Amino acid sequence: MPSFDAPFRCRVVAVAALVLALASANSLAQREPPPAPATAEVALPSGVTRVGTIEGIHEYRLGNGLQVLLLPEPSAPKLTLNIVYRVGSRHESYGETGMAHLLEHLLFKGSPRFPDMPLEFKRHGATVNGTTSLDRTNYFATFPANDENLARMLDLEADRMVNAFIARKDLDSEMTVVRNELEIGESQPIRLLFQALDAAIFRWHNYGRSTIGNRSDLENVGIDRLRDFYRRHYRPDNATLIIAGKLDQAATLALVARRFGPIARPDRPLEPEYTVEPTQDGERSVTVRRTGDSQMVAVAYRASAAAHPDHAPLRILAHVLGASPNGRLHKRLVEAGKATSTSVSLYAGFDPGRIAAYASLRKEDSIEAVRETLIAALEGLVAEPATEAEVARAKAAFAAAFESRRANMHGVATSLTSAIAAGDWRLHFWDRDELAKVTVADVQRVAAHYLKRDNRTVATFLPTEKPERAEIPARRDPKAFLEGYRGGASASEGEDFDPSQAAIDARTQTVTLDGGAKLALLQKRTTGDRIRGQLTLRFGNQQSLTGWGAAPSTLGVLLSRGTRRLDRGAFSDELVRLKAELSISAGGGSATATFATTRDNVEALLRLVVEALREPALPGAELELARRSRLQAIDGVLKNPQSLAGSRLGELFNAYPKEHPFYSGTPAEQRVEVETVTLDRVRQFHTSHYGADAATLALVGSFEPEMVKRLADELLNGWRSATPYRRVPTVAAEVKAVSETLDVPDQSNATLLARHTFRMRDSDPDYPALLVASNIFGGGGLTSRLTNRLRQKDGLSYGTGSSLSVGTLNTNGAFSIYASFATAAAPRLEAAVCEELERAHAQGFTDAEVAIARDHLLSQRRLNRTNDAALVSTLASNLYLGRTMAWSAEFEDRVRALTAAEVSAAFRRHVQPDRLVVVKAGSFGPTPVPAATAERRLPACGAK
């Protein structure tokens, strides 16, 4: 279920680049981690004031009111810049709904000094984005750490704080893009449900308005009104600038002062906010009627703001009720077979918010029974208080989550956004401290105060002689009670890591165990002493994997739901105790566990992961829960344009017979398989196939390699599969060009997917050139040709692009195009795609385009090597493919040597517009939308 404050993200250009120096692996293994450095005094530029330091975060203030937070993090050569403006949909007036979010889009359109802002970001290797929510708007970028990049990023942000175009022509095109985004939301029943719910809860306060806005406001807002909104709220005294990463504080402050210091604080004061939602006088209800296959019900209660002492007990209360699998709602509704899923969300922002419980159920189940069970579980907490064990479990989960986030300063830089929006960045740490102090009595107190009938929104209004009102406490100024607050201890720092391929190869230990399992171990000091790992089992062959239906995938769902020793609840508790993250996925021929924990818990977590794979509980009750959830998901495909189009495209490109393990079945066929799968069949598949003789294990982070080797030898050697592993080859289906239109009733948004296949592996001489060509054509964010045309110029699509996939061991290649759009725009959109494909064939690509795309791809690859989750996946893949990072380095050398002529030729050879298979899904009616006679239609475009 989406958060009440789920931000609307503008999909902006994503780029990256970084390489720095690395310490010796041998000397590192013999060193103790250095002590945390003491905070040194920093020389302050003129006009900059030091405010204070909390847990490694240093606060400064410029004379114009700009708040600056610096988060030094030397472990990776990159920087994250996040600027937060205290303006969101809460600040919009009548007729201005969606204005904060629309303005966020327009601020990527540039300024007189930077007319092509996405290209500027791309040139400097930056991954950028922006989000808008109820209380704030933020813009963030991650880029390689060097003085030139930081200076340019600060130039860009300072300039668009006051000089953005906000032009009529940009509003005309971007309004249709945002409207398409609104239409995507209108295709999501859960979003519609919560928009209606919040509108019923907040009759006067703007928390009742969706951030995306009202269609008529988006279509009619005047440019002058938008410019005035921009001038009112985009100003240094209404913003916080956060910079995290490998930085020198004195030099960074000097740059900030130079770029932002000259911006004057406006004479016009910030406008006061005075709307307070009145106390609710009785139950409220709202009903949304739209097509769909699932029923949903939400029960909500008004609650305190984030800066109130009640917030922490309310968070614990939400966990006690909504956690899965140990939460009360999961046990009373999901395990009881009344609902397929449940959750509880708490939104507390700058002003008082709400707590909401949610349940999803199939059409044939009783929504009345679920609604009454929800209400009874919530309001029954007065008679059935939370237990010490429930509160302790919740506190442990929150503490583990905070510690995991705290280990990554780049993540902290963006997560501080919510605390700033709530009134003060220090709430980020204050809330952690408050959670640690929560008692059962605190939880009981807030339950009795807020979870009352007359504070409830879901049921029909009924007159009553004795209202049970919940007085909502007023907002507090957090600065008053945070005066002098210093927080707790800082997390341990990571090392200065060199992400070059040669350095990674030099310090990666590879081992093959006697039983056949292979290990790749890269030890390095990480922030918070975190480790990340991936264990993959490969088993079976084409003959042994044939004819199992849904048994392998069902087994994959059940693997993380307990072991013979630990039931599902105890298994979940053990992960929290180990401060661990664990995700297990499995199918016909493999099972992969990805995990993370801390140095002290590596051994225990590895034992638990192997236990989950080797000795799963596989209880019948969990099979039924998984069955209901999967059936609901299959039914949902038929009502979602994107899912339906993707499913149909998979059917068209299916190259396998029905019993083959890679067969792509229709939703109807999948439903039959899920309905008929039995527990005996699932257990038989596990017994006959699972083993570690073809396993790969990769670890990156703070661990002792020798301990891991001994442990792997103990856990994996001797666990052999009953069926020897032989890789099942994949086949690329060659499908004749065709165009299909699928009708999905009552959907505002439509989806186009197009694909054709060709023979190619990643070792093919043409692959580097084709990868660069794909980046230019549709894979390069806002600077790709497709996005420039369909979104920036024509305003036809919120999300569009192209992608390229090729095989590693098989010659399977595919080129794909995707776009979301309003159904009436289908002919124009198809014509535009045709024109861009034909232009690429006729004119090729320019030297400038190739240079930018080439640097973009290389930067992304370098940045991925600084991300431990991506790095561990790469090491695991190398184990399986028999490669080292030298293969990656050679590939990048081939990319660097490319010319525009080679890139253009590769695109012409392999991307054939007249071979595209096209599927469109949306509310087109019983017959497809006719094409205008002058417009080209896919897949015919490009045919000779």
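Quick caveat: nothing in here was measured; it's all calculated off a predicted structure. (Residues numbered from 1 in each chain as written. Predicted model: local features only at pLDDT ≥ 70, side-chain atom pairs only at ≥ 80, totals over all residues. Heavy atoms only, no water.)

1. A look at the overall build of the protein
So, step 1. Each helix and strand counted, the protein has 34 helices and 23 strands in total.
So, step 2. Relative to the globule expectation of 30 Å for 944 residues, the C-alpha radius of gyration of the protein, 28 Å, shows essentially globular dimensions.
So, step 3. Dimensions of the protein, computed from C-alpha atoms along their principal axes, come out at roughly 70 × 70 × 65 Å.
So, step 4. The long-range share in the protein, meaning contacts at least 24 apart out of those at least 6 apart in sequence, stands at 83%.
So, step 5. Accessible surface, the protein: about 36,700 Å² in total, of which carbon and sulfur atoms supply 50%. (Helix = DSSP H or I, 4+ residues; strand = E, 2+ residues; numbered from the N terminus. Rg over C-alpha atoms; globule rule 2.2 N^0.38 Å. Contact = heavy atoms within 4.5 Å. Areas by Shrake-Rupley, 256 points an atom, 1.4 Å probe, with all protein chains shown as cover.)

2. Considerations on the sheet that holds strand β20 (residues 749-758)
So, step 1. As summarised here, the arrangement of the five strands in space is β19-β23-β20-β22-β21, forming an open sheet in which the pairing is mixed. Of all the strands in the sheet, just β19 (738-743) and β21 (800-806) have a single pairing partner and so form its edges. Sheet twist, expressed as the average angle between the axes of neighbouring strands with direction ignored, equals 15°.
So, step 2. With five bridges connecting them, β20 and strand β23 (residues 917-922) associate as antiparallel partners. Bridge pairing in β23 places R755 opposite V917.
So, step 3. Together, β20, β21 and β22 (813-822) form the strand contacts of helix α28 (residues 767-779), whose direction differs from that of β21 by roughly 165°. (Pairing = 2+ DSSP bridges. Axes fitted to C-alpha atoms, helices over the stretch in contact; angles between N-to-C directions.)

3. A short note on the nonpolar core
So, step 1. I243 and F260 are the most contacted members of the largest nonpolar core, which has 58 residues in total.
So, step 2. Broken down by element, this core gets its largest block of residues, seven residues, from helix α4 (residues 147-162).
So, step 3. In this structure I243 touches L69, L70, L71, L79, T80, L81, L150, L154, T252 and V256, once residues within four positions along its chain are discounted.
So, step 4. Judged by nonpolar contacts, the second largest core, of 57 residues, contains W548, L558, L605 and L699. (Core = buried A, V, L, I, M, F, W, Y, C linked by side-chain atoms within 4.5 Å. Buried < 20%, exposed > 50% of the residue type's maximum accessible area, 1.4 Å probe, protein only.)

4. Examining the pattern of salt bridges
So, step 1. Tallied over the entire structure, the rule returns 71 salt bridges.
So, step 2. For K169, the salt bridge identified is with D170, shortest N-O distance 3.2 Å.
So, step 3. Looking at K169, the relative accessible area reads 61%, which means it is exposed.
So, step 4. For D693, the salt bridge goes to R720, with nearest N and O atoms at 3.9 Å. Of this pair, D693 sits in the loop between α26 (679-689) and β18 (696-701) while R720 is found in the loop between α27 (705-716) and β19, placing the two residues 27 residues apart along the sequence.
So, step 5. When its relative accessible area of 18% is taken as the criterion, D693 is described as buried.
So, step 6. The exposed category is assigned to R720, whose relative accessible area is 53%.
So, step 7. What you see here is one network of salt bridges that share partners, running through E96, R225, D228, R232, R268 and E271. (Salt bridge = Lys/Arg side-chain N within 4 Å of Asp/Glu carboxyl O.)

5. Section: the sheet that holds strand β15 (residues 530-538)
So, step 1. Read from one edge to the other, the open sheet built from six strands follows the order β13-β14-β18-β15-β17-β16, with strand pairing classed as mixed. In this open sheet, the two strands that pair with only one neighbour each are β13 (508-512) and β16 (581-586). This sheet shows a mean twist of 10° between the axes of neighbouring strands, independent of strand direction.
So, step 2. Relative to β18, strand β14 (residues 518-523) runs parallel, the two being bridged by six bridges.

6. A word on the side chain of N654
So, step 1. If you trace the backbone, N654 turns up in the loop between α24 (641-652) and α25 (667-676).
So, step 2. Polar contacts involving the side chain of N654 include one to the main-chain amide nitrogen of S664, which spans 3.1 Å.
So, step 3. Not counting residues within four places of it along the chain, the set of residues in contact with N654 comprises F662, Y663, S664 and A733. (Polar contact = N/O pair within 3.5 Å; in protein donor to acceptor, adjacent residues only side chain to side chain.)

7. Concerning the environment of S345
So, step 1. Relative to the helices and strands, S345 is located in strand β10 (residues 341-347).
So, step 2. The exposure class assigned to S345 is buried, which follows from its relative accessible area of 10%.
So, step 3. For the pair S345 and A318, spaced 27 residues apart in sequence, the C-alpha to C-alpha distance is 6.7 Å.
So, step 4. A distance of 3.2 Å separates the side chain of S345 from the side chain of R354, its partner in a polar contact.

8. Here's the deal with the side chain of N238
So, step 1. By the secondary structure assignment, N238 is in the loop between α8 (223-233) and β8 (239-245).
So, step 2. Its relative accessible area of 6% is what places N238 among the buried residues.
So, step 3. The contact partners of N238, leaving out residues within four places of it in the chain, are V84, Y85, R86, H233 and L270.

9. Concerning the pairing of β14
So, step 1. Of all the six residues making up β14, five are buried; the element is thus mostly covered by neighbouring parts of the structure.
So, step 2. Across five bridges, β13 lies against β14 in antiparallel orientation. When the sheet's bridge partners are listed, T510 is paired in β14 with A520.
So, step 3. Here β13 folds back onto β14, and the loop between the two strands holds five residues, one of which, G516, carries a positive phi near 110°.

10. What about the pairing of β10?
So, step 1. With five of its seven residues buried, β10 lies for the most part within the structure.
So, step 2. Bridging between β10 and strand β11 (residues 354-362) involves seven bridges; their strand directions are antiparallel. Within β11, the residue paired with S345 across the bridge is A356.
So, step 3. Where β10 folds back onto β11 in an antiparallel hairpin, the turn is made up of six residues.

11. Comments concerning the environment of L81
So, step 1. Its place among the elements puts L81 in strand β5 (residues 78-85).
So, step 2. For L81, a relative accessible area of 1% gives the class buried.
So, step 3. Between the alpha carbons of L81 and T414 there is a distance of 8.7 Å; along the sequence they are 333 residues apart.
So, step 4. When sequence neighbours within four positions are dropped, the list of residues in contact with L81 reads Y139, F140, A141, F143, M153, L154, E157, L241, I242 and I243.

12. With respect to the packing of aromatic side chains
So, step 1. Evaluated as defined, the whole model comprises 23 aromatic pairs.
So, step 2. Judged by centre distance (6.1 Å) and plane angle (80°), the rings of Y85 and Y139 are edge-to-face. You can see Y85 sitting in strand β5 and its partner Y139 sitting in strand β7 (residues 137-144), a full 54 residues away along the chain.
So, step 3. Of the residues examined, Y139 reaches a relative accessible area of 0% and is grouped as buried.
So, step 4. Here F815 and F907 contribute two aromatic rings whose centre-to-centre distance is 6.1 Å and whose plane-to-plane angle is 90°, an arrangement assigned as edge-to-face. You can see F815 sitting in strand β22 and its partner F907 sitting in helix α34 (residues 900-910), a full 92 residues away along the chain. Note on accessibility: F815 and F907 belong to one class, buried.
So, step 5. Taken together through their ring pairs, the aromatic side chains of Y85, F108, Y139, Y230 and Y234 make up a single cluster.
So, step 6. Residue placement shows R755 over the ring face of F653; its charged tip is 5.2 Å from the ring centre. (Phe/Tyr/Trp six-rings, centres within 6.5 Å; stacked < 30°, edge-to-face > 60°. Lys NZ or Arg CZ within 6 Å of the ring centre and 35° of its normal.)

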